Amino acid sequence: MFYLIMAIQICSFFFIFQSISRYRFTIKEITMWLVSFLSIGWVSTYFIGVWGAVTLLGCFMGISYYKNHMTLTALGVFYGAYALVMNSFLGYIAADPIAWLVHFIFRQSSANLEYLPYLFTAMAPPIMNEIGLRVVRHYVPQLNKDLLQESSKVILFPVIVLFIIIIASVYPILSIGNQTGEYSSYHRTIILGMWLLFIIALVYMQFQYNHIRKREIEKVKREQFEQLKDYAAQLEKIYDEFRGFRHDYANILLTLEDGIYREDWDQVKHVYENTVKPTGQMMRKNEYSFVKLRNLHVPEVKSILAAKIMMAQQMKIDVTLEIEEPIHTIQMDLISFTRVLSILLDNAIEAAVKTEERKLWIVLLEDAIVQRIIVENSNGEKVNLRRLEERGYSSKGKGRGLGLYNVQQILKDNKYASLETEAHAHLFSQTLILRKTGERE
Amino acid sequence: MNIFILEDNLIQQQRLERIIKALTLKHQIRYRNLISTAKPDYLISQVEQAANHQLYFLDLEIKNEKHTGLAVAKEIRKKDPYGTIVFVTTHSELAPKTFAYRVAALDFIEKDLPEEEFIQKVEACLLIADERRTIPVSLDLFSFENKYTSFQIPFSDILYFETIDIAHKIRLITTSKVLDFYAELHEIAESDERLFRCHRAFVVNLANIRSIDKKNKLVLFDHDESCSVSRRLQKETIERMEAFRRKEFSNDGS
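Residues numbered from 1 in each chain as written. Chains lettered and ligands numbered in written order. Predicted model: local features only at pLDDT ≥ 70, side-chain atom pairs only at ≥ 80, totals over all residues. Heavy atoms only, no water.

- Taking an unreviewed UniProt entry as the reference, chain B is identified by name as DNA-binding response regulator belonging to Paenibacillus selenitireducens.
- Chain B has a UniProt comment under Function (unreviewed entry) that states "Required for high-level post-exponential phase expression of a series of secreted proteins." (UniProt positions renumbered as here; feature names shortened; annotations may be inferred.)

- Identification of chain A as Sensor histidine kinase NatK-like C-terminal domain-containing protein from Paenibacillus selenitireducens is taken from an unreviewed UniProt entry.

### Brief notes about the overall build of chain B
Part 1: Scanning chain B from terminus to terminus reveals seven helices and 15 strands.
Part 2: By the compact-globule yardstick of 18 Å for 254 residues, chain B is too spread out, its C-alpha radius of gyration being 23 Å.
Part 3: With the C-alpha coordinates aligned to their principal axes, the bounding extent of chain B is approximately 70 × 40 × 35 Å.
Part 4: Counting the 254 residues in chain B, one finds 50% classified as buried.
Part 5: With the model as given, the accessible surface of chain B reaches about 13,100 Å², and the carbon-plus-sulfur share is 49%.
Part 6: Across chain B, the mean location of the 37 positive side-chain charges is 4 Å away from that of the 40 negative side-chain charges. (Helix = DSSP H or I, 4+ residues; strand = E, 2+ residues; numbered from the N terminus. Rg over C-alpha atoms; globule rule 2.2 N^0.38 Å. Buried < 20%, exposed > 50% of the residue type's maximum accessible area, 1.4 Å probe, protein only. Areas by Shrake-Rupley, 256 points an atom, 1.4 Å probe, with all protein chains shown as cover. Lys, Arg positive; Asp, Glu negative; His and termini not counted. Charge placed at Lys NZ, Arg CZ, Asp CG, Glu CD.)

### Quick notes on the domain arrangement of chain B
Part 1: Once the domains are mapped, chain B shows domain 1 (2-134) and domain 2 (141-252).
Part 2: Relative placement of domain 1 of chain B and domain 2 of chain B: their C-alpha centres are 38 Å apart. (Domains from an automatic or database assignment.)

### Some details on the packing of helix α2 (residues 40-47) of chain B against helix α3 (residues 69-79) of chain B
Residue and element names in this part refer to chain B.
Part 1: It is the contact of α2 with α3, at a shortest axis distance of 10 Å, that shows an interaxial angle of 10 degrees. It follows that α2 is roughly parallel to α3 by the angle criterion. Seen from α2, the contacting residues are Pro40, Leu43, Ile44 and Val47; seen from α3, they are Val72, Glu75, Ile76 and Lys79.
Part 2: A breakdown of the residues in the contact of α2 with α3 according to their chemical character gives six nonpolar, no polar and two charged. (Axes fitted to C-alpha atoms, helices over the stretch in contact; angles between N-to-C directions. Parallel < 35°, antiparallel > 145°, perpendicular 65-115°, else oblique. Contact = heavy atoms within 4.5 Å. Nonpolar A, V, L, I, M, F, W, Y, C, P; charged D, E, K, R; others polar.)

### Here's the deal with the packing of aromatic side chains
Residue and element names in this part refer to chain B.
Part 1: Per the stated rule, a full pass over the model turns up 18 aromatic pairs over all chains.
Part 2: The interplanar angle of 75 degrees and the centroid separation of 4.8 Å between the aromatic rings of Phe87 and Phe99 together place this pair among those described as edge-to-face. Of this pair, Phe87 sits in strand β4 (residues 84-89) while Phe99 sits in helix α4 (residues 96-103), and the two are twelve residues apart along the sequence.
Part 3: An aromatic cluster is built from Phe142, Phe144, Phe151, Phe155, Phe161 and Phe181, whose rings are joined through pairwise contacts.
Part 4: The positively charged end of Arg15 is found above the aromatic ring belonging to Phe118, 4.0 Å away from the centroid. (Phe/Tyr/Trp six-rings, centres within 6.5 Å; stacked < 30°, edge-to-face > 60°. Lys NZ or Arg CZ within 6 Å of the ring centre and 35° of its normal.)

### A word on α3 of chain B
All names here are of chain B.
Part 1: Turning to α3, its buried residues number three or more, namely Gly69, Leu70, Val72, Ala73, Ile76 and Arg77. Looking straight down α3, one finds that the buried residues subtend no more than 155 degrees of arc, so they occupy a single side.
Part 2: Residues of α3 that are buried sit in contact with β1 (2-6), α2, β3 (54-59), β4 and α4. (Arc of directions from axis to C-beta.)

### Focus on the interface of chain B and chain A
Part 1: Facing the 37 residues of chain B at the interface are 39 residues of chain A.
Part 2: Between chain B and chain A, roughly 3,300 Å² of surface is buried when both sides are summed, and carbon and sulfur atoms account for 47% of that area.
Part 3: Along the contact surface separating chain B from chain A lie six salt bridges.
Part 4: Its salt-bridge partner being Glu420 of chain A, residue Lys177 of chain B comes within 3.3 Å of it at the nearest N-O pair. (Buried area = accessible area lost by both parts, 1.4 Å probe. Salt bridge = Lys/Arg side-chain N within 4 Å of Asp/Glu carboxyl O.)

### Observations regarding the environment of Glu225 of chain B
Residue and element names in this part refer to chain B.
Part 1: With respect to the secondary-structure elements, Glu225 resides in the loop between β14 (218-220) and β15 (226-228).
Part 2: Separated by 22 residues in sequence, Glu225 and Val203 have C-alpha atoms that sit 14 Å apart.
Part 3: A distance of 3.4 Å separates the side chain of Glu225 from the side chain of Tyr160, its partner in a polar contact. (Polar contact = N/O pair within 3.5 Å; in protein donor to acceptor, adjacent residues only side chain to side chain.)

### Focus: the sheet that holds strand β5 (residues 107-110) of chain B
Residues and elements named next belong to chain B.
Part 1: Here five strands make up an open sheet; going across it, the order is β2-β1-β3-β4-β5 and the pairing parallel. With one partner strand each, in any of the chains shown, β2 (33-37) and β5 form the two edges of the open sheet. Going across the sheet, the axis of each strand differs from the next one's by a mean of 15 degrees, ignoring polarity.
Part 2: The sheet contact formed by β1 and β3 spans five bridges and is parallel. Residue pairing in the sheet places Leu6 in a bridge with Leu58 of β3. (Pairing = 2+ DSSP bridges.)

### Considerations on the nonpolar core
Residue and element names in this part refer to chain A.
Part 1: In this structure, Phe37, Phe60, Phe78 and Phe163 are the most contacted members of the largest nonpolar core, which totals 47 residues.
Part 2: Elements represented by at least two residues in this core include exactly α1 (2-21), α2 (27-48), α3 (52-67), α4 (74-105), α7 (152-180) and α8 (185-261).
Part 3: The residues touching Phe60, leaving out its near neighbours within four places in the chain, are Phe13, Phe14, Phe17, Phe37, Gly80 and Ala83. (Core = buried A, V, L, I, M, F, W, Y, C linked by side-chain atoms within 4.5 Å.)

### So, the side chain of Arg372 of chain A
Part 1: By secondary structure assignment, the location of Arg372 of chain A is in strand β3 (residues 370-378).
Part 2: One buried charged side chain, Arg372 of chain A, makes no salt bridge at all; its nearest oppositely charged neighbour is Glu420 of chain A, positioned 4.1 Å away.
Part 3: Sequence-distant contacts of Arg372 of chain A, defined by excluding residues within four places in its chain, comprise Val363, Leu364, Leu365, Glu420, Thr431, Leu432 and Ile433 of chain A together with Tyr101 of chain B.

### Some thoughts on the UniProt feature "transmembrane region" (unreviewed entry) in chain A
Residues and elements named next belong to chain A.
Part 1: Under the UniProt annotation, the feature "transmembrane region" (unreviewed entry) is placed at residues 32-60, 72-95, 154-174 and 186-205.
Part 2: Secondary structure over residues 72-95 splits into 92% helix and 0% strand, and the C-alpha atoms at its two ends are 34 Å apart.
Part 3: Secondary structure content for residues 186-205 is 100% helix and 0% strand, while the C-alpha to C-alpha distance between its ends is 29 Å.

### Concerning unusual backbone geometry
All names here are of chain A.
Part 1: The phi dihedral of Glu263 is positive, around 55 degrees, even though this residue is not glycine.
Part 2: Within the fold, Glu263 resides in the loop between α8 and α9 (265-283).
Part 3: One non-glycine residue with positive phi stands out, namely Arg358, at about 50 degrees.
Part 4: Mapped onto the fold, Arg358 is located in the loop between α11 (334-352) and β2 (359-366).

In structure tokens:
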């Protein structure tokens, strides 16, 4: 019976870990991990008692390490510590009510019920945790994983330290209590204090989230404002050019008129060749293509496109922008979308600048059921498509592969986005296909 | 071949006609009719009558007409999916990628190009259209649509589909592209009879298999691509591939 309860507890640990980390496991993986956990848990409990649970922390860190493509992040440690503390905490809270409930329901029964409260207590934490997390995630949807990951080091370090202190002080007491079956009031106070500390840690985390998030939003807003300012300045510059042209135009017409009336064909020819014809060339500059941004009515995306296009033009890249239909919404979470778009554009600019032609195309297409965002650049040698999104793979030195790896990671959470990558000898193109869904419109 | 010109500026219209006539003479390209008009409706009504390959030179903006060049091109495409469409326009209206995607436009020719360059581009378009007259363009498209994605791709480009380490995500490998999307492999295998699931993680295009490496249990394609075939399904894969080839062969023969 003891082993059954232990097995249930280990499973509880695992399911709490799974629901906080939201790692995806296949059924095969779950069985594999559970079996190894059970054996590790059993062996360690056999030798070191309640402390065996601590070895599970190591196991969880191992899973995080494996799931994060062989890197150990603060987040990974946090998930493990969270699972451990949460299981004990919720178990502690649930123990007395469950014991009371079992006695209440089965007070008539004469069967041996001694183990029943333990059994339920062992099963309660993952269920309570799941309900709690669902409620929190439902009402506080901004607690997404991206934010957690970005701010992990700042926020999580103190929290992890606190958790470890809690584990370190609570487990010895629990193990003493287990052996003697008695908790002194002193120990009870410590345990209670530790649980208070745990709640404080969670509240602290929530405050930090809000703070960092606010700062993040302000930063993005500020950047966006700067980008739109640059965009406005660029538009004014173009307008000035046109105004100058309009001014010249009147003069040109007068000169031509004069020539025509006097039938001085040499003068007409001269004016045409030297003044009129060059203006045609001016109109053909792609610099004006970004005026097409007017069709894009999503300010966040507009500002980022304007900024990247100007950046590319400063690097002497010939940018062609095509937005032929008005676009009012983007069919994807905007934060993820702008991140993906920035990475694609940065990669394209970086590759294009190294080529002879220095071309960059940005095309936004609005269809009935999909949006397509195409980023295409002139490229050197043909890229090996199969190795592109491996972490760290790069056709152009270090760092480039990481961007595409990140794109892959972001798109993982956006099921309605598909990514098409095309490579030819001198051309590299990526298309984001966003499927429209009824709900988001 | 019929050649159409849609252009509201008479001088430009005659210029293009003159160039086309000179070039067809130079290259001995034969055409039945050369139809110039400023009226989109007239042009569209003429499309119905013709059965052979057609080449269209369209101006994007026609004065006093509600139809823009793109709308005209879409109308043409409805009636003539294989025709060659070329836009002749000013630079400010240029959107080559959009138009290539929307109506499979072959090219854009800018009116304000220097004369020689302009002629060269018209020449290139004429030659391509003349070639297409004899070699029909196949439009065998594989269309896939589910809750999460929607795309089309020429069937002959498809090599195989595979699962990747992100759950429920599928990767399509084509001759020059890689496409990642959310779907289930069985959805794909069921969508076309030429697609066969030869392994738990792979669906292959039977039409593009080059050979099967029985020893290493691999399906080989052109472009150095290959994927695994399960031992259990190896025999069936070969049978299906051969059956498919026989069918193709007899289709070609008839």
